[in-house]
Amino acid sequence: MPAVPNGVRGAVITGWGTALPEKVLTNVDLESMMETSDEWIRDRTGIVQRHVGGTTAGLSTESGRQAIEMSGCDPADIDALILATTTPDRCVPATASTVQELLGLSCGANDLNAACSGWVYALVNAHGLIAMGANKVLVIGTDTLDRITDYTDRNTGILFGNGSGAALIEAVDGPGQLLSWDLDSVGAAESALFAEIGGVLEMEGKEVFRRAVRLMADSATKAMAAAGVDAEDITLVVPHQANIRIISASLDRLGIPLEKASIVLDRTGNTSAASVPLALAEALDENRVADGELILFVGFGAGMSAASAVVRWSPDAAESIA
Ligand code: COA
């Protein structure tokens, strides 16, 4: 649960982007594919629809391109690309390699798999590269979960969808936005949610729910303590979008009102590594945070993994270097 040490080279987010495949699968569509109902799914999860189709490389290229364009940086100046995904297009090579080529980058590129916590893991890893001298890092979270979801299984088929979100971070002189971070993994609980290679997602829903609430609250508490901030100091929470009841219960534990959370799951379902950057992008587009205000990222997922970060928002890259 480290605070970012004094004197470490920091970074700010200077651009962001999103991508969702065109095809929408509504709860009503699912009624003809499995024994379920629109009403049950809305009540028990908060999800109304999800997007399906596309490829991890294609969606990543779209969100990544938007983030680069918004930042105004030259793609040739990007030092690294990290793609958080549980659903690479192929086993080998990393899908990040394909995205690198499609975006015209000439930097190191790797995939990172920490399931639904992946984008927050990637953001923290990217800050590590910045501390080691990188100037610009593209951090993408993308999943195409329709490829590993059984849409006849009502236990899992109602939850998941496809999407992508990206942010470009750039080094600054002096401290950057990231104040603290927490990365967790409870390997002993991996059987609660997994997919074999070539298989589909298998899940003990109640067990995942129970652990998720605890993991999110614990991870966020550690990150806030390391940053030296309290729940009331947080302006915006960007949680992993799995189930509105999980978000609500974990925020209850943290003493943070649900209204402070950015919620997109009603329109996207659970998009795994894409869910946090999708929710971040929407909140930033809606100007929900002002200069100097605090954002709490909190993710959890298979593993079971969890990841949190506290960020002090600064709206532009005026101080960014290189
Ligand atoms: N449609 C209609 N009925 C359903 C249903 C569905 N899709 N799924 C379950 N039911 C029924 C059950 O059979 C049960 O009926 P019964 O009371 O007659 O036995 C009832 O609804 C309640 O089932 P339960 O399993 O207790 O539902 P739940 O409230 O725990 O919700 C999940 C199920 C999967 C939505 C919930 O457990 C969950 O969100 N878990 C976490 C999953 C998650 O976040 N995974 C990703 C992590 S990154």
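Refer to the structure printed above.
Here's what I pulled together on the structure shown here. Please read these numbers as outputs of a predicted model, since none were measured by experiment. (Residues numbered from 1 in each chain as written. Predicted model: local features only at pLDDT ≥ 70, side-chain atom pairs only at ≥ 80, totals over all residues. Heavy atoms only, no water.)

### With respect to the environment of Ala306
- With respect to the element layout, Ala306 can be found in strand 13 (residues 305–312).
- With near-sequence residues (within four places) excluded, Ala306 lies in contact with Ser117, Tyr121, Asp182, Leu183, Asp184, Leu215, Ser219, Gly299 and Phe300. (Helix = DSSP H or I, 4+ residues; strand = E, 2+ residues; numbered from the N terminus. Contact = heavy atoms within 4.5 Å.)

### Some remarks on unusual backbone geometry
- In this structure, the amide linkage connecting Val92 to the following residue, Pro93, adopts the cis form with an omega of 0 degrees.
- If you trace the backbone, Pro93 turns up in the loop between strand 4 (80–84) and helix 4 (95–103).
- The omega angle of the peptide bond from Gly303 to Met304 is -10 degrees, so this bond is cis rather than trans.
- Within the secondary structure, Met304 is located in the loop between strand 12 (294–301) and strand 13.
- One non-glycine residue with positive phi stands out, namely Ser272, at about 55 degrees.
- For Ser272, a relative accessible area of 2% corresponds to the buried category. (Buried < 20%, exposed > 50% of the residue type's maximum accessible area, 1.4 Å probe, protein only.)

### Regarding the pairing of strand 13
- With seven of eight residues buried, strand 13 lies mostly within the body of the structure.
- Inspection of the sheet shows strand 12 paired to strand 13 by eight bridges, in the antiparallel sense. Pairing of Gly299 across the sheet is with Ala307, part of strand 13.
- In sequence, strand 12 turns back onto strand 13 through a hairpin of three residues, with Gly303 there showing a positive phi of about 140 degrees. (Pairing = 2+ DSSP bridges.)

### A word on the sheet that holds strand 1 (residues 11–19)
- Spatially, the five strands line up as an open sheet ordered 1-7-6-4-5, and their pairing is mixed. What marks the edges here is a single partner per strand, and that holds for strand 1 and strand 5 (108–112). Taking each pair of neighbouring strands and ignoring which way they run, the sheet shows an average axis angle of 15 degrees.
- The pairing of strand 4 with strand 5 spans five bridges and is classified as parallel. Bridging across to strand 5, Ala84 finds its partner in Leu112. (Axes fitted to C-alpha atoms, helices over the stretch in contact; angles between N-to-C directions.)

### Here we look at the site of the ligand
- Every one of the 24 residues lining the ligand counts as a neighbour, but Thr36, Arg44, Arg154, Lys206 and Asn243 are closest to it.
- Contact distances for the ligand include 2.6 Å between a nitrogen atom and a side-chain N or O atom of Thr36.
- Within the side chain of Arg154, a nitrogen or oxygen atom sits 2.8 Å from an oxygen atom of the ligand.
- Considered on its own, the ligand offers 950 Å² of accessible surface; in the complex 72% of this is hidden by protein.
- Going through the elements one at a time, helix 2 (38–45), helix 6 (205–227), helix 7 (244–254) and strand 12 are the ones with two or more residues in the shell around the ligand.
- When residues in the shell around the ligand are grouped by element, the largest group, four residues, is from helix 6. (Near = heavy atom within 4 Å. Polar contact = N/O pair within 3.5 Å; in protein donor to acceptor, adjacent residues only side chain to side chain. Areas by Shrake-Rupley, 256 points an atom, 1.4 Å probe, with all protein chains shown as cover.)

### Side note on helix 7
- Of all the positions in helix 7, only Ile246, Ile247, Ser250, Leu251 and Leu254 are classed as buried. Looking straight down helix 7, one finds that the buried residues subtend no more than 120 degrees of arc, so they occupy a single side. Pointing more than 90 degrees away from the buried face of helix 7 are the exposed residues Asp252 and Arg253.
- Where helix 7 starts, the residue carrying a side-chain oxygen 2.8 Å from the main-chain nitrogen of Arg245 turns out to be Asn243.
- With its phi angle positive at about 75 degrees, Gly255 sits one or two positions after the end of helix 7. (Arc of directions from axis to C-beta.)

### Quick word on helix 3 (residues 56–71)
- Between its terminal C-alpha atoms helix 3 stretches 22 Å, which fits the 22 Å expected from 16 residues at 1.5 Å a residue.
- Among all positions of helix 3, only Thr56, Ala57, Leu59, Ser60, Thr61, Ser63, Gly64, Ala67, Ile68 and Ser71 are buried.
- At its buried positions, helix 3 is contacted by strand 1, strand 4, helix 4, strand 6 (136–144) and strand 7 (162–171).
- Just downstream of helix 3, Gly72 is the residue with a positive phi angle, here 75 degrees. (Expected span 1.5 Å × (residues − 1).)

### Observations regarding the nonpolar core
- Within the largest apolar cluster, 45 residues are counted, with the highest numbers of intra-cluster contacts made by Ile234, Val237, Ile256, Leu296 and Phe300.
- Of all the secondary-structure elements, those providing two or more residues to this core are helix 6, strand 11 (234–239), helix 7, strand 12 and strand 13.
- Here the element with the most residues in this core is helix 6; it accounts for nine residues. (Core = buried A, V, L, I, M, F, W, Y, C linked by side-chain atoms within 4.5 Å.)

### Notes on the packing of helix 6 against helix 7
- Helix 7 packs onto helix 6 with a crossing angle of 40 degrees between their chain directions and a minimal axis gap of 9 Å. One finds that helix 6 runs oblique with respect to helix 7. Seen along the crossing, helix 6 lies across helix 7 with a hand that is right-handed. Side by side, helix 6 and helix 7 meet where Phe209, Ala212, Val213, Arg214, Met216, Ala217, Ala220, Thr221 and Met224 of the first sit next to Arg245, Ile246, Ala249, Ser250, Arg253 and Leu254 of the second.
- Taken together, the residues of the contact of helix 6 with helix 7 break down into ten nonpolar, two polar and three charged. (Parallel < 35°, antiparallel > 145°, perpendicular 65-115°, else oblique. Left-handed = near helix turned anticlockwise from the far one by under 90°. Nonpolar A, V, L, I, M, F, W, Y, C, P; charged D, E, K, R; others polar.)

### Considering the pattern of salt bridges
- Overall, the coordinates contain nine salt bridges when judged by the stated rule.
- Between Arg147 and Asp89 there is a salt bridge, with its nearest N and O atoms 3.7 Å apart. Remark: Asp89 occurs in the loop between strand 4 and helix 4 and Arg147 occurs in the loop between strand 6 and strand 7; sequence separation between them is 58 residues.
- Between Lys222 and Asp182 there is a salt bridge, with its nearest N and O atoms 3.7 Å apart. In this pair, Lys222 is assigned in helix 6 and Asp182 in strand 8 (residues 178–185), connecting sequence segments 40 residues apart. (Salt bridge = Lys/Arg side-chain N within 4 Å of Asp/Glu carboxyl O.)

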